[in-house]
Amino acid sequence: PAPPSGGSNSSWSSFLKSIASFNGDLSSLTAPPFILSSVSLTEFSSYWCEHPFIFAAPANEADPQKRALFVLKWFLTTLKQQYASRSEQYGNEKKPLNPFLGELFLGAWEDDAGTTELISEQVSHHPPATAYCITNRPTGVRLEGYNAQKATFSTTINIKQIGHAVLTVPDPTDKSKHETYLITLPSLHIEGLIYGAPYIELDGSSHIVSSTGYTSRIDYSGKGWLSGKKNSVTAILYKTGSSNPEKEAVYSVKGQWPEELELHTGPSKKQSGSTLVETYNPHTAKSTSLSVKPVEKQHPLESRKAWSKVAQGIQDGNMELVGAEKSRIENAQREARAKEKEAGKTWERRYFTAKKEGGEDAVLAALGGKVGLSVDGDADKTGGLWRFDQTKADNVKDETLSKEEEERILTELLGQETT
Ligand code: 0T9
(Lines give C-alpha, C1' and ligand atoms only; values in the text may rest on other atoms or scores of the structure.)
Protein backbone atom coordinates (compact mmCIF):
# COMPACT_ATOMS: atom_id res chain seq x y z
CA PRO A 1 0.00 0.00 0.00
CA ALA A 2 1.15 3.50 -0.83
CA PRO A 3 1.55 6.01 2.00
CA PRO A 4 -1.16 8.64 2.42
CA SER A 5 -0.99 11.15 -0.40
CA GLY A 6 -1.58 14.16 1.80
CA GLY A 7 -1.56 15.28 5.43
CA SER A 8 0.44 13.42 8.02
CA ASN A 9 0.01 9.74 8.72
CA SER A 10 -1.21 10.28 12.24
CA SER A 11 -3.89 12.80 11.39
CA TRP A 12 -5.17 10.50 8.64
CA SER A 13 -5.33 7.46 10.90
CA SER A 14 -7.15 9.37 13.61
CA PHE A 15 -9.56 10.58 10.94
CA LEU A 16 -10.12 6.94 9.87
CA LYS A 17 -10.82 6.01 13.46
CA SER A 18 -13.38 8.79 13.76
CA ILE A 19 -15.10 7.54 10.60
CA ALA A 20 -15.35 4.03 12.00
CA SER A 21 -17.35 5.27 14.96
CA PHE A 22 -19.35 7.54 12.74
CA ASN A 23 -22.96 8.53 13.46
CA GLY A 24 -24.20 9.16 9.92
CA ASP A 25 -23.60 12.91 9.90
CA LEU A 26 -20.83 13.57 7.38
CA SER A 27 -20.74 17.27 8.12
CA SER A 28 -19.72 16.51 11.72
CA LEU A 29 -16.50 14.69 10.72
CA THR A 30 -13.35 16.63 11.49
CA ALA A 31 -11.21 15.94 8.45
CA PRO A 32 -7.51 16.75 8.06
CA PRO A 33 -6.86 20.00 6.14
CA PHE A 34 -5.80 18.39 2.85
CA ILE A 35 -9.23 16.80 2.52
CA LEU A 36 -11.14 20.09 2.99
CA SER A 37 -12.63 21.76 -0.05
CA SER A 38 -13.41 25.46 -0.28
CA VAL A 39 -16.34 24.65 -2.57
CA SER A 40 -19.84 24.36 -1.16
CA LEU A 41 -22.31 21.61 -2.12
CA THR A 42 -24.61 24.23 -3.68
CA GLU A 43 -22.02 24.46 -6.48
CA PHE A 44 -22.35 20.76 -7.28
CA SER A 45 -25.66 21.42 -9.07
CA SER A 46 -23.61 22.84 -11.94
CA TYR A 47 -22.24 19.35 -12.64
CA TRP A 48 -25.48 18.58 -14.46
CA CYS A 49 -24.46 20.79 -17.33
CA GLU A 50 -20.79 20.57 -18.21
CA HIS A 51 -21.84 20.24 -21.87
CA PRO A 52 -24.87 22.50 -22.40
CA PHE A 53 -25.21 21.47 -26.06
CA ILE A 54 -25.59 17.82 -25.02
CA PHE A 55 -28.13 18.88 -22.39
CA ALA A 56 -30.21 20.76 -24.98
CA ALA A 57 -29.80 18.23 -27.83
CA PRO A 58 -33.03 16.25 -27.22
CA ALA A 59 -35.06 19.35 -28.11
CA ASN A 60 -33.79 19.16 -31.70
CA GLU A 61 -34.45 15.46 -32.31
CA ALA A 62 -37.76 14.54 -33.96
CA ASP A 63 -37.70 10.81 -33.15
CA PRO A 64 -38.93 10.15 -29.57
CA GLN A 65 -36.84 6.99 -29.22
CA LYS A 66 -33.69 8.88 -30.21
CA ARG A 67 -34.67 11.69 -27.82
CA ALA A 68 -34.78 9.18 -25.00
CA LEU A 69 -31.30 8.03 -26.02
CA PHE A 70 -30.03 11.62 -26.06
CA VAL A 71 -31.37 12.10 -22.54
CA LEU A 72 -29.58 8.93 -21.40
CA LYS A 73 -26.41 10.06 -23.14
CA TRP A 74 -26.57 13.48 -21.45
CA PHE A 75 -27.08 11.85 -18.04
CA LEU A 76 -24.06 9.57 -18.54
CA THR A 77 -21.88 12.46 -19.71
CA THR A 78 -22.48 14.28 -16.41
CA LEU A 79 -21.08 11.44 -14.28
CA LYS A 80 -17.44 12.32 -14.77
CA GLN A 81 -17.72 15.86 -13.45
CA GLN A 82 -20.25 14.87 -10.77
CA TYR A 83 -18.18 12.08 -9.26
CA ALA A 84 -14.59 12.13 -10.52
CA SER A 85 -13.64 15.78 -10.99
CA ARG A 86 -12.33 16.47 -7.49
CA SER A 87 -10.15 13.38 -7.34
CA GLU A 88 -8.88 14.06 -10.87
CA GLN A 89 -8.02 17.62 -9.98
CA TYR A 90 -6.54 17.09 -6.50
CA GLY A 91 -5.67 13.38 -6.34
CA ASN A 92 -8.41 12.76 -3.79
CA GLU A 93 -12.07 13.42 -3.13
CA LYS A 94 -12.61 16.42 -0.87
CA LYS A 95 -15.10 17.27 1.82
CA PRO A 96 -17.30 20.10 0.52
CA LEU A 97 -18.52 23.03 2.59
CA ASN A 98 -21.86 22.33 4.23
CA PRO A 99 -24.25 24.97 2.83
CA PHE A 100 -26.35 27.19 5.10
CA LEU A 101 -30.10 27.52 4.60
CA GLY A 102 -30.80 29.99 1.82
CA GLU A 103 -27.34 29.75 0.29
CA LEU A 104 -27.43 30.45 -3.44
CA PHE A 105 -25.26 29.53 -6.38
CA LEU A 106 -26.17 31.27 -9.63
CA GLY A 107 -24.57 31.30 -13.03
CA ALA A 108 -24.89 30.71 -16.76
CA TRP A 109 -23.20 28.85 -19.59
CA GLU A 110 -22.73 30.12 -23.14
CA ASP A 111 -22.07 27.64 -25.92
CA ASP A 112 -23.45 26.53 -29.31
CA ALA A 113 -26.78 25.89 -27.59
CA GLY A 114 -27.03 29.55 -26.49
CA THR A 115 -27.53 30.61 -22.88
CA THR A 116 -28.22 28.04 -20.19
CA GLU A 117 -29.01 29.30 -16.70
CA LEU A 118 -28.32 27.75 -13.33
CA ILE A 119 -30.15 28.43 -10.09
CA SER A 120 -29.08 26.40 -7.06
CA GLU A 121 -30.38 26.98 -3.54
CA GLN A 122 -29.95 25.28 -0.18
CA VAL A 123 -33.60 24.66 0.66
CA SER A 124 -33.11 22.73 3.90
CA HIS A 125 -30.43 22.58 6.57
CA HIS A 126 -31.80 19.83 8.86
CA PRO A 127 -31.67 17.57 6.88
CA PRO A 128 -29.35 19.25 4.35
CA ALA A 129 -30.96 19.43 0.89
CA THR A 130 -30.02 21.35 -2.25
CA ALA A 131 -32.48 22.22 -5.04
CA TYR A 132 -31.61 23.35 -8.55
CA CYS A 133 -33.11 24.45 -11.82
CA ILE A 134 -31.17 24.54 -15.08
CA THR A 135 -32.79 26.03 -18.18
CA ASN A 136 -31.51 26.22 -21.72
CA ARG A 137 -33.09 29.47 -22.93
CA PRO A 138 -33.41 28.86 -26.71
CA THR A 139 -34.96 25.38 -26.47
CA GLY A 140 -36.67 25.54 -23.07
CA VAL A 141 -35.09 22.26 -21.96
CA ARG A 142 -35.20 22.37 -18.16
CA LEU A 143 -33.85 20.23 -15.34
CA GLU A 144 -35.33 20.60 -11.88
CA GLY A 145 -34.31 18.56 -8.89
CA TYR A 146 -33.29 18.35 -5.28
CA ASN A 147 -31.15 16.00 -3.32
CA ALA A 148 -29.92 14.96 0.09
CA GLN A 149 -27.57 12.20 1.15
CA LYS A 150 -27.79 9.46 3.73
CA ALA A 151 -24.44 8.09 4.83
CA THR A 152 -23.71 4.83 6.61
CA PHE A 153 -20.48 3.12 7.51
CA SER A 154 -19.82 -0.50 6.62
CA THR A 155 -16.27 -1.30 5.41
CA THR A 156 -16.24 2.23 4.00
CA ILE A 157 -18.45 5.33 3.76
CA ASN A 158 -21.59 4.44 1.79
CA ILE A 159 -23.83 7.19 0.52
CA LYS A 160 -27.39 6.84 -0.64
CA GLN A 161 -28.75 9.77 -2.60
CA ILE A 162 -32.26 10.84 -1.72
CA GLY A 163 -34.26 13.00 -4.11
CA HIS A 164 -34.64 12.98 -7.87
CA ALA A 165 -34.56 15.19 -10.93
CA VAL A 166 -37.11 15.98 -13.61
CA LEU A 167 -36.03 16.89 -17.12
CA THR A 168 -38.61 18.67 -19.27
CA VAL A 169 -38.12 18.65 -23.03
CA PRO A 170 -40.44 20.64 -25.31
CA ASP A 171 -41.70 18.35 -28.10
CA PRO A 172 -39.79 19.46 -31.22
CA THR A 173 -42.67 18.41 -33.48
CA ASP A 174 -45.32 20.25 -31.44
CA LYS A 175 -44.03 23.11 -29.30
CA SER A 176 -47.29 23.26 -27.33
CA LYS A 177 -46.42 19.89 -25.82
CA HIS A 178 -43.57 18.72 -23.69
CA GLU A 179 -42.32 15.45 -22.32
CA THR A 180 -40.83 14.66 -18.93
CA TYR A 181 -38.06 12.35 -17.79
CA LEU A 182 -37.93 11.35 -14.16
CA ILE A 183 -34.36 10.66 -13.07
CA THR A 184 -33.21 8.76 -9.99
CA LEU A 185 -29.71 9.10 -8.53
CA PRO A 186 -27.06 6.41 -8.02
CA SER A 187 -25.66 5.42 -4.67
CA LEU A 188 -21.95 5.68 -4.11
CA HIS A 189 -19.18 4.72 -1.74
CA ILE A 190 -15.70 5.95 -1.00
CA GLU A 191 -12.74 3.89 -2.20
CA GLY A 192 -9.09 4.39 -1.33
CA LEU A 193 -9.74 5.55 2.25
CA ILE A 194 -6.96 3.47 3.83
CA TYR A 195 -4.45 4.77 1.29
CA GLY A 196 -5.29 8.36 2.15
CA ALA A 197 -6.54 9.02 -1.37
CA PRO A 198 -10.35 8.71 -1.25
CA TYR A 199 -12.29 8.65 -4.51
CA ILE A 200 -15.86 7.86 -5.47
CA GLU A 201 -17.17 4.63 -6.90
CA LEU A 202 -20.80 4.36 -7.99
CA ASP A 203 -22.81 1.25 -7.25
CA GLY A 204 -26.25 -0.27 -7.73
CA SER A 205 -28.46 1.13 -10.44
CA SER A 206 -30.42 4.24 -11.31
CA HIS A 207 -33.22 4.92 -13.77
CA ILE A 208 -34.65 7.45 -16.18
CA VAL A 209 -38.31 6.95 -17.02
CA SER A 210 -40.06 9.09 -19.60
CA SER A 211 -43.62 10.21 -20.24
CA THR A 212 -43.10 8.94 -23.82
CA GLY A 213 -42.91 5.31 -22.70
CA TYR A 214 -39.18 4.64 -22.42
CA THR A 215 -37.07 3.61 -19.48
CA SER A 216 -33.31 3.56 -19.09
CA ARG A 217 -31.70 1.39 -16.46
CA ILE A 218 -28.12 2.26 -15.62
CA ASP A 219 -25.96 -0.26 -13.74
CA TYR A 220 -22.77 0.79 -12.00
CA SER A 221 -19.84 -1.36 -10.93
CA GLY A 222 -16.22 -1.10 -9.97
CA LYS A 223 -13.07 -3.12 -9.70
CA GLY A 224 -13.81 -6.41 -8.00
CA TRP A 225 -11.42 -8.92 -6.48
CA LEU A 226 -10.78 -10.77 -9.71
CA SER A 227 -12.33 -8.87 -12.54
CA GLY A 228 -13.94 -5.61 -13.47
CA LYS A 229 -12.64 -2.12 -14.13
CA LYS A 230 -13.17 0.87 -11.90
CA ASN A 231 -15.99 3.32 -12.70
CA SER A 232 -17.76 0.91 -15.05
CA VAL A 233 -21.24 1.45 -16.37
CA THR A 234 -23.73 -0.37 -18.56
CA ALA A 235 -27.15 0.91 -19.54
CA ILE A 236 -30.13 -0.34 -21.48
CA LEU A 237 -32.96 1.71 -22.91
CA TYR A 238 -36.25 -0.17 -23.38
CA LYS A 239 -39.98 0.31 -23.66
CA THR A 240 -41.40 0.91 -20.18
CA GLY A 241 -43.11 -2.22 -18.95
CA SER A 242 -41.06 -4.58 -21.12
CA SER A 243 -41.11 -8.06 -19.59
CA ASN A 244 -37.54 -8.76 -20.69
CA PRO A 245 -35.62 -5.47 -20.91
CA GLU A 246 -32.22 -7.18 -21.29
CA LYS A 247 -33.41 -8.88 -24.49
CA GLU A 248 -35.75 -6.20 -25.80
CA ALA A 249 -33.58 -3.14 -25.27
CA VAL A 250 -33.61 -0.69 -28.19
CA TYR A 251 -30.28 0.86 -27.21
CA SER A 252 -27.46 -0.11 -24.90
CA VAL A 253 -24.39 1.62 -23.52
CA LYS A 254 -21.17 0.21 -22.12
CA GLY A 255 -18.00 1.79 -20.83
CA GLN A 256 -16.19 3.52 -18.01
CA TRP A 257 -17.85 6.82 -17.23
CA PRO A 258 -14.67 8.91 -16.82
CA GLU A 259 -13.06 7.26 -19.86
CA GLU A 260 -15.25 6.23 -22.76
CA LEU A 261 -18.83 5.25 -23.52
CA GLU A 262 -20.08 3.20 -26.48
CA LEU A 263 -23.70 3.63 -27.53
CA HIS A 264 -25.21 0.78 -29.56
CA THR A 265 -28.54 -0.19 -31.04
CA GLY A 266 -30.11 -3.28 -29.53
CA PRO A 267 -29.48 -5.00 -26.21
CA SER A 268 -25.71 -5.34 -26.56
CA LYS A 269 -22.90 -4.86 -29.01
CA LYS A 270 -22.58 -8.64 -29.36
CA GLN A 271 -26.14 -8.93 -30.66
CA SER A 272 -26.19 -9.58 -34.42
CA GLY A 273 -27.31 -6.51 -36.32
CA SER A 274 -26.28 -4.17 -33.51
CA THR A 275 -24.73 -1.00 -34.83
CA LEU A 276 -22.56 1.57 -33.13
CA VAL A 277 -24.47 4.83 -32.70
CA GLU A 278 -21.66 6.81 -31.14
CA THR A 279 -18.50 6.60 -29.10
CA TYR A 280 -18.41 9.33 -26.48
CA ASN A 281 -15.03 10.37 -25.21
CA PRO A 282 -15.12 12.76 -22.24
CA HIS A 283 -11.47 13.72 -22.81
CA THR A 284 -12.26 15.24 -26.20
CA ALA A 285 -15.87 16.39 -25.60
CA LYS A 286 -16.18 20.16 -25.49
CA SER A 287 -16.80 21.39 -21.94
CA THR A 288 -18.12 24.83 -21.15
CA SER A 289 -17.33 26.47 -17.86
CA LEU A 290 -19.99 28.21 -15.87
CA SER A 291 -19.84 32.00 -15.64
CA VAL A 292 -20.48 33.37 -12.18
CA LYS A 293 -20.71 37.09 -11.32
CA PRO A 294 -17.67 38.55 -9.64
CA VAL A 295 -17.99 38.31 -5.86
CA GLU A 296 -18.43 42.12 -5.48
CA LYS A 297 -21.57 41.98 -7.62
CA GLN A 298 -23.09 38.92 -5.94
CA HIS A 299 -26.04 38.78 -3.58
CA PRO A 300 -24.71 38.38 -0.01
CA LEU A 301 -26.19 34.88 0.21
CA GLU A 302 -24.39 33.67 -2.90
CA SER A 303 -22.05 30.85 -2.04
CA ARG A 304 -18.67 32.18 -3.13
CA LYS A 305 -19.32 35.56 -1.56
CA ALA A 306 -20.68 34.22 1.73
CA TRP A 307 -17.89 31.66 2.15
CA SER A 308 -15.07 33.83 0.77
CA LYS A 309 -13.16 34.18 4.06
CA VAL A 310 -13.49 30.48 4.84
CA ALA A 311 -12.32 29.63 1.32
CA GLN A 312 -9.35 31.95 1.74
CA GLY A 313 -8.48 30.27 5.03
CA ILE A 314 -8.64 26.80 3.46
CA GLN A 315 -6.47 27.88 0.55
CA ASP A 316 -3.91 29.40 2.92
CA GLY A 317 -4.02 26.44 5.30
CA ASN A 318 -5.09 28.83 8.04
CA MET A 319 -7.33 26.52 10.04
CA GLU A 320 -7.81 29.04 12.82
CA LEU A 321 -9.38 31.49 10.39
CA VAL A 322 -11.45 28.70 8.85
CA GLY A 323 -12.82 27.69 12.25
CA ALA A 324 -13.57 31.24 13.30
CA GLU A 325 -15.30 32.21 10.04
CA LYS A 326 -17.32 29.00 9.87
CA SER A 327 -18.53 29.54 13.44
CA ARG A 328 -19.58 33.08 12.64
CA ILE A 329 -21.92 31.84 9.90
CA GLU A 330 -23.16 28.86 11.90
CA ASN A 331 -23.91 30.93 15.00
CA ALA A 332 -25.69 33.63 13.01
CA GLN A 333 -27.76 30.97 11.28
CA ARG A 334 -28.67 29.35 14.58
CA GLU A 335 -29.78 32.70 15.97
CA ALA A 336 -31.75 33.54 12.84
CA ARG A 337 -33.63 30.22 13.10
CA ALA A 338 -34.37 30.85 16.80
CA LYS A 339 -35.74 34.31 15.99
CA GLU A 340 -37.92 32.93 13.21
CA LYS A 341 -39.26 30.30 15.56
CA GLU A 342 -40.11 32.92 18.14
CA ALA A 343 -41.95 34.98 15.55
CA GLY A 344 -43.76 31.91 14.22
CA LYS A 345 -42.12 32.32 10.82
CA THR A 346 -40.14 30.08 8.53
CA TRP A 347 -37.29 30.99 6.21
CA GLU A 348 -38.68 31.95 2.81
CA ARG A 349 -36.90 30.07 0.02
CA ARG A 350 -35.98 32.40 -2.80
CA TYR A 351 -36.60 30.20 -5.86
CA PHE A 352 -38.26 26.99 -4.70
CA THR A 353 -41.45 26.03 -2.90
CA ALA A 354 -42.22 22.78 -1.12
CA LYS A 355 -45.36 21.06 -2.36
CA LYS A 356 -48.00 20.89 0.35
CA GLU A 357 -48.12 17.63 2.22
CA GLY A 358 -50.55 15.35 0.45
CA GLY A 359 -50.55 17.71 -2.53
CA GLU A 360 -50.06 15.73 -5.70
CA ASP A 361 -47.02 16.10 -7.88
CA ALA A 362 -48.09 15.13 -11.39
CA VAL A 363 -44.70 13.80 -12.48
CA LEU A 364 -44.18 11.62 -9.41
CA ALA A 365 -47.79 10.44 -9.57
CA ALA A 366 -47.44 9.39 -13.21
CA LEU A 367 -43.89 8.00 -13.29
CA GLY A 368 -42.57 7.65 -9.74
CA GLY A 369 -43.98 4.18 -9.17
CA LYS A 370 -42.09 2.82 -12.18
CA VAL A 371 -38.71 3.66 -10.65
CA GLY A 372 -39.45 3.09 -6.99
CA LEU A 373 -39.99 6.72 -5.96
CA SER A 374 -42.73 7.50 -3.47
CA VAL A 375 -45.37 10.09 -4.44
CA ASP A 376 -44.28 12.38 -1.60
CA GLY A 377 -40.72 12.59 -3.03
CA ASP A 378 -39.16 11.47 0.29
CA ALA A 379 -40.14 14.88 1.67
CA ASP A 380 -39.41 13.81 5.25
CA LYS A 381 -35.76 13.21 4.36
CA THR A 382 -35.26 16.36 2.29
CA GLY A 383 -37.28 18.91 4.25
CA GLY A 384 -39.97 18.93 1.56
CA LEU A 385 -40.83 17.98 -2.02
CA TRP A 386 -39.12 20.90 -3.71
CA ARG A 387 -40.16 22.39 -7.03
CA PHE A 388 -38.92 25.47 -8.86
CA ASP A 389 -41.27 28.40 -8.35
CA GLN A 390 -41.37 30.56 -11.49
CA THR A 391 -43.38 33.29 -9.76
CA LYS A 392 -40.77 33.68 -7.04
CA ALA A 393 -37.99 33.71 -9.65
CA ASP A 394 -39.77 36.42 -11.68
CA ASN A 395 -40.27 38.51 -8.55
CA VAL A 396 -36.60 38.56 -7.57
CA LYS A 397 -35.28 38.95 -11.09
CA ASP A 398 -34.72 42.69 -11.10
CA GLU A 399 -34.48 43.10 -7.36
CA THR A 400 -31.81 45.47 -6.11
CA LEU A 401 -30.76 45.33 -2.50
CA SER A 402 -30.58 48.54 -0.52
CA LYS A 403 -27.42 49.13 1.48
CA GLU A 404 -29.41 48.62 4.70
CA GLU A 405 -30.91 45.35 3.52
CA GLU A 406 -27.50 44.04 2.48
CA GLU A 407 -26.03 44.96 5.87
CA ARG A 408 -28.91 43.32 7.67
CA ILE A 409 -28.27 40.08 5.77
CA LEU A 410 -24.53 40.24 6.46
CA THR A 411 -24.95 40.76 10.18
CA GLU A 412 -28.09 38.76 10.95
CA LEU A 413 -27.58 35.79 8.63
CA LEU A 414 -23.82 35.57 8.17
CA GLY A 415 -22.51 37.05 11.42
CA GLN A 416 -20.33 39.62 9.71
CA GLU A 417 -19.45 42.91 11.27
CA THR A 418 -20.22 45.80 8.98
CA THR A 419 -19.12 49.36 9.39
C1 0T9 B 1 -24.81 15.92 -5.38
C2 0T9 B 1 -22.32 14.48 -5.55
C3 0T9 B 1 -22.95 14.58 -4.21
C4 0T9 B 1 -23.87 15.82 -4.19
C5 0T9 B 1 -21.86 14.74 -3.10
C6 0T9 B 1 -20.97 12.40 -0.46
C7 0T9 B 1 -20.32 13.76 -0.71
C8 0T9 B 1 -21.38 14.83 -0.58
C9 0T9 B 1 -22.44 14.72 -1.68
C10 0T9 B 1 -23.80 13.33 -3.96
C11 0T9 B 1 -24.03 15.91 -6.68
O12 0T9 B 1 -24.92 15.98 -7.77
C13 0T9 B 1 -23.16 14.66 -6.77
C14 0T9 B 1 -21.01 14.16 -5.70
C15 0T9 B 1 -20.09 13.87 -4.61
C16 0T9 B 1 -20.75 13.68 -3.24
C17 0T9 B 1 -19.73 13.90 -2.12
C18 0T9 B 1 -18.52 12.98 -2.08
C19 0T9 B 1 -18.12 13.04 -0.61
O20 0T9 B 1 -17.22 12.41 -0.15
C21 0T9 B 1 -19.03 13.91 0.15
C22 0T9 B 1 -19.06 13.58 1.65
C23 0T9 B 1 -19.96 14.55 2.40
C24 0T9 B 1 -17.67 13.76 2.25
O25 0T9 B 1 -17.08 14.75 2.04
C26 0T9 B 1 -17.07 12.68 3.10
C27 0T9 B 1 -15.59 12.90 3.30
C28 0T9 B 1 -14.78 12.21 2.21
C29 0T9 B 1 -13.86 13.09 1.45
C30 0T9 B 1 -14.10 10.99 2.75
C31 0T9 B 1 -12.79 11.21 3.34
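Enquirer: Explain the site of the ligand residue by residue, including any values.
Expert: Near the ligand you find 20 residues, and of these Leu26, Gln82, Arg86, Lys95 and Pro96 are the closest. Between Gln82 and the ligand, the recorded distance is 2.6 Å, taken from a side-chain N or O atom to an oxygen atom. Isolated, the ligand exposes 620 Å² of accessible area, and the fraction of that covered by the protein chains is 96%.

Enquirer: Any details on the confidence of the model for the protein chain? Residues and values, ideally.
Expert: For the protein chain, mean pLDDT is 94; residues scoring 70 or higher make up 98% of the total. Here the predicted complex carries an ipTM of 0.98, next to a pTM of 0.96.

Enquirer: Tell me what's going on with the side chain of Thr78, and back it up with residues and numbers.
Expert: Along the chain, Thr78 turns up in helix α3 (residues 64–90). Thr78 sits in the buried class, given a relative accessible area of 2%. At 2.8 Å, the side chain of Thr78 forms a polar contact with the backbone oxygen of Phe75. Discounting chain neighbours no more than four positions away, the residues touching Thr78 are Tyr47 and Trp48.

Enquirer: Account for the pairing of strand β10 (residues 199–210), with residues named and values stated.
Expert: Two elements, strand β8 (residues 178–183) and β10, share 3 bridges in a ladder whose sense is antiparallel. Looking at the pairing, Ile183 lines up with Ile208 of β10. When strand β9 (residues 187–191) meets β10, the two strands line up antiparallel, connected through 5 bridges. Residue pairing across strands places Ser187 opposite Asp203, the latter belonging to β10. From the end of β10 to the start of strand β11 (residues 214–221), which pair antiparallel, there are 3 residues, and Gly213 there has a positive phi angle of about 95 degrees.

Enquirer: Lay out the packing of aromatic side chains with the relevant residues and their values.
Expert: Two measures describe an aromatic ring pair: the distance that separates the ring centres and the angle between the ring planes. What the rule picks out here adds up to 10 aromatic pairs. Ring centres of Phe55 and Trp74 lie 5.6 Å apart, and the angle between their planes is 65 degrees; on these two criteria the pair is classed as edge-to-face. Of the two residues, Phe55 sits in helix α2 (residues 52–56) while Trp74 sits in helix α3, which places them 19 residues apart along the sequence. Judged on exposure class, the residue Phe55 and its partner Trp74 are both buried.

Cut-offs used in this document
Residue numbers here run from 1 along each chain, matching the order of that chain's written sequence. At least 70 in pLDDT is required for a residue's local features to be given in this predicted model, at least 80 for side-chain atom pairs to be given and counted, and no such filter applies to totals for whole chains, interfaces and linings, which use all residues. Note that the side-chain values use all heavy atoms of the structure and ignore hydrogens as well as water. Residue proximity to a molecule or strand is established when one non-hydrogen atom of the residue lies within 4 Å of it. Nitrogen and oxygen atoms within 3.5 Å of one another constitute a polar contact, given that in protein one can donate a hydrogen and the other can accept it, and given that sequence-neighbouring residues count only through two side-chain atoms. Note on areas: these come from Shrake-Rupley sampling with a 1.4 Å probe, and a residue is covered only by the protein chains present in the view. Every residue gets a pLDDT, meaning the predictor's confidence in that residue, from 0 to 100. Each helix corresponds to a stretch of at least 4 residues labelled H or I by DSSP, and each strand to a stretch of at least 2 residues labelled E; elements are numbered beginning at the N terminus. Relative accessibility under 20% of the residue-type maximum defines a buried residue, over 50% an exposed one, and the middle range a partly exposed one, all with a 1.4 Å probe and only protein chains included. Residue contacts are counted whenever heavy atoms from the two residues lie within 4.5 Å of one another. Following DSSP output, two strands are said to pair if at least two bridges run between them. When the centres of two rings from Phe, Tyr and Trp lie within 6.5 Å, Trp using its six-membered ring, the rings pair. Their planes under 30 degrees apart give stacked, over 60 give edge-to-face, and anything left gives tilted.

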